[in-house]
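# Report on the structure
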Amino acid sequence: MRRENDKWIGRKINEWTIERSVSRKGEGIKWICRCSCGKVKEQKAWNVKSGKSRMCKACSGRLRRRGSEASFMREGEERTNGNKDNK
Ligand SMILES: [Zn+2]
């Protein structure tokens, strides 16, 4: 099902632009994604496709401070805990 994920390369989903896909044993497909702010992050393809991950942490923090989509962000945090690359 490689094609299924490759067809997303170059597309934009929410704030993420999909640059390329990577797959590692036991981790499933991940995407190298560039946020609209320019930050590049590796994300699980499923999280991006499903909308669990819509932007980088800096941008989601900005959104949360604005007070919108608070429930979504809480869910997103649970999904990405263990990720210490949070600037
Ligand atoms: Zn961003």
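Residues numbered from 1 in each chain as written. Predicted model: local features only at pLDDT ≥ 70, side-chain atom pairs only at ≥ 80, totals over all residues.

Moving on, we come to the overall build of the protein. A count of helices and strands for the protein gives 4 helices and 4 strands. Buried positions account for 18% of the 87 residues belonging to the protein. Summarising the internal contacts of the protein: among those between residues at least 6 apart in sequence, 24% fall at separations of at least 24. (Helix = DSSP H or I, 4+ residues; strand = E, 2+ residues; numbered from the N terminus. Buried ≥ 20, exposed ≤ 12 C-beta atoms within 10 Å, placed from the backbone. Contact = placed C-beta atoms within 7 Å.)

A few words now on the pairing of strand 4 (residues 40–44). As defined by bridge partners, strand 3 (residues 28–34) adjoins strand 4 across 5 bridges and the pair is classed as antiparallel. Residue pairing across strands places Arg-34 opposite Val-40, the latter belonging to strand 4. From the end of strand 3 to the start of strand 4, which pair antiparallel, there are 5 residues, and Gly-38 there has a positive phi angle of about 105 degrees. (Pairing = 2+ DSSP bridges.)

Moving on to the nonpolar core. In terms of nonpolar packing, the biggest core is built from 9 residues, these being Trp-16, Ile-18, Trp-31, Cys-33, Cys-35, Ala-45, Val-48, Met-55 and Cys-56. For this core, the secondary-structure elements that each account for two or more residues are strand 2 (16–24), strand 3 and helix 2 (45–50). What Cys-33 contacts, discounting residues up to four positions off in sequence, is Trp-16, Thr-17, Ile-18, Glu-19, Lys-41, Gln-43 and Val-48. (Core = buried A, V, L, I, M, F, W, Y, C linked by C-beta atoms within 7 Å.)

Here the focus is the sheet that holds strand 1 (residues 12–13). On the basis of which strands lie adjacent, the open sheet formed by 4 strands has the order 1-2-3-4 and antiparallel pairing. Both outer strands of the open sheet, strand 1 and strand 4, are each paired with one neighbouring strand and no more. Looking at chain direction, strand 1 and strand 2 are connected through 2 bridges and run antiparallel. Its bridge partner being in strand 2, Ile-13 is matched across the sheet by Trp-16.

For the rest of this paragraph, the subject is the confidence of the model for the protein. Taken as a whole, the protein shows an average pLDDT of 82; of its residues, 72% reach a score of 70 or greater. Predicted confidence in the protein is weakest over helix 4 (residues 70–79), with a mean pLDDT of 51, and strongest over strand 1, with 97. (pLDDT = per-residue confidence, 0-100.)

Let's shift gears to the environment of Met-55. Within the secondary structure, Met-55 is located in the loop between helix 2 and helix 3 (57–66). As a C-alpha pair, Met-55 and Lys-39 span 16 residues in sequence and 9.2 Å in three-dimensional space. If sequence neighbours within four positions are ignored, Met-55 has contacts with Asn-14, Glu-15, Trp-16, Cys-35 and Ser-60.

Relative to the assigned elements, Ser-50 resides in helix 2. Sequence separation between Ser-50 and Ile-13 is 37 residues; the distance between their C-alpha atoms is 9.6 Å.

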